[in-house]
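# Architecture and fold: a report
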Amino acid sequence: MNKDKIFKLAKGFRGRAKNCIRIARERVEKALQYSYRDRRDKKRDMRSLWIERINAGTRLHGVNYGNFMHGLMKENIQLNRKVLSELAMHEPYSFKALVNVSCTAFPGNKAVPKKEGLSSIL
């Protein structure tokens, strides 16, 4: 890479890393390595976030994540984890319907409906 390209990529770096070519070249190369690695890590992180959200949504209805996904697989419901996490967050009634479908498909799902309102206190 030529000097202009290095300095353009080093824009915003702190100290001599933005205006001294020798240091800037090292920092830019390391930054490009990080960006390459983290583009792959981002996919992994997002998938784990979706799984956590689905698990939280299913546990509200007394089912764990593994049994919920197994029930969906048995019913041949092919929704990916991204869509399921969005449903769990923004469409709780639709997600509850999916949990109920999953419970009927897989007998291992022992959904215990939680009491709501005043009945939970009494």
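Position labels on residues start from 1 in each chain and follow its written sequence. Where local features are concerned, this predicted model is filtered to residues with pLDDT of at least 70; where side-chain atom pairs are given and counted, the filter is 80 or more; whole-chain, interface and lining totals use all residues. Side-chain figures throughout are based on the complete set of non-hydrogen atoms in the structure, without hydrogens or water.

### Side note on the nonpolar core
Among the nonpolar cores identified, the biggest contains 13 residues, and Phe68, Leu84 and Phe95 are the most heavily contacted of them. A run of H or I in DSSP becomes a helix once it reaches four residues, and a run of E becomes a strand once it reaches two; helices and strands are each numbered from the N terminus. Elements that contribute at least two residues to this core include exactly α3 (65-74), α4 (81-90) and α5 (92-105). Apart from the residues within four sequence positions on either side, Phe95 is in contact with Ile54, Gly57, Thr58, His61, Phe68, Leu84, Leu87 and Ala88. Throughout, nonpolar core names a set of buried Ala, Val, Leu, Ile, Met, Phe, Trp, Tyr and Cys residues whose side chains join them through atoms within 4.5 Å. Each residue is assigned to one of three classes by its accessible area relative to the maximum for its type, calculated with a 1.4 Å probe on protein chains only: buried under 20%, partly exposed between the two thresholds, exposed over 50%. Contacts are assigned to residue pairs that have any heavy atoms within 4.5 Å of one another.

### Brief notes about the packing of aromatic side chains
A pair of Phe, Tyr and Trp rings is counted when the ring centres sit within 6.5 Å of each other, with Trp represented by its six-membered ring. The angle between the planes then sorts it: under 30 degrees is stacked, over 60 is edge-to-face, the rest tilted. Under the defined criterion, the tally for this structure stands at one aromatic pair. Seen in terms of ring centroids, Phe68 and Phe95 are 5.3 Å apart; in terms of plane orientation they differ by 50 degrees. Their pairing is tilted. With Phe68 in helix α3 and Phe95 in helix α5, this pair connects stretches of sequence that are 27 residues apart. Each member of the pair Phe68 and Phe95 is classed as buried. Directly above the ring of Tyr36 sits Arg40, whose terminal nitrogen or CZ lies 4.0 Å from the centroid. Any Lys NZ or Arg CZ that is within 6 Å of a ring centre and within 35 degrees of that ring's normal is treated as a charge sitting over the ring.

### Overview of the confidence of the model for the protein
Averaged over all residues, the pLDDT of the protein is 88; the fraction at 70 or higher stands at 88%. Considering each helix and strand of the protein separately, the mean pLDDT is smallest for α5, with a value of 90, and largest for helix α2 (residues 21-59), with 95. As a per-residue measure, pLDDT tells how confident the predictor is, with possible values from 0 to 100.

### Description of α2
For an α-helix, 3.6 residues make a turn, and residues three or four places apart therefore share a direction. The terminal C-alpha atoms of α2, which comprises 39 residues, lie 55 Å apart, in line with the 57 Å expected from a rise of 1.5 Å per residue. At Arg39, α2 shows its maximal kink, close to 30 degrees. Where the residues of α2 are buried, they touch α1 (3-9), α3, α4 and α5. Given a helix with a known number of residues, its expected span is that number minus one, times 1.5 Å. The angle between axes fitted to the seven residues ending at a residue and the seven residues starting there is what we call the bend at that residue.

### Considering unusual backbone geometry
Notably, Asn76 is not glycine yet its phi reads approximately 60 degrees, a positive angle. For Asn76, the position within the fold is in the loop between α3 and α4.

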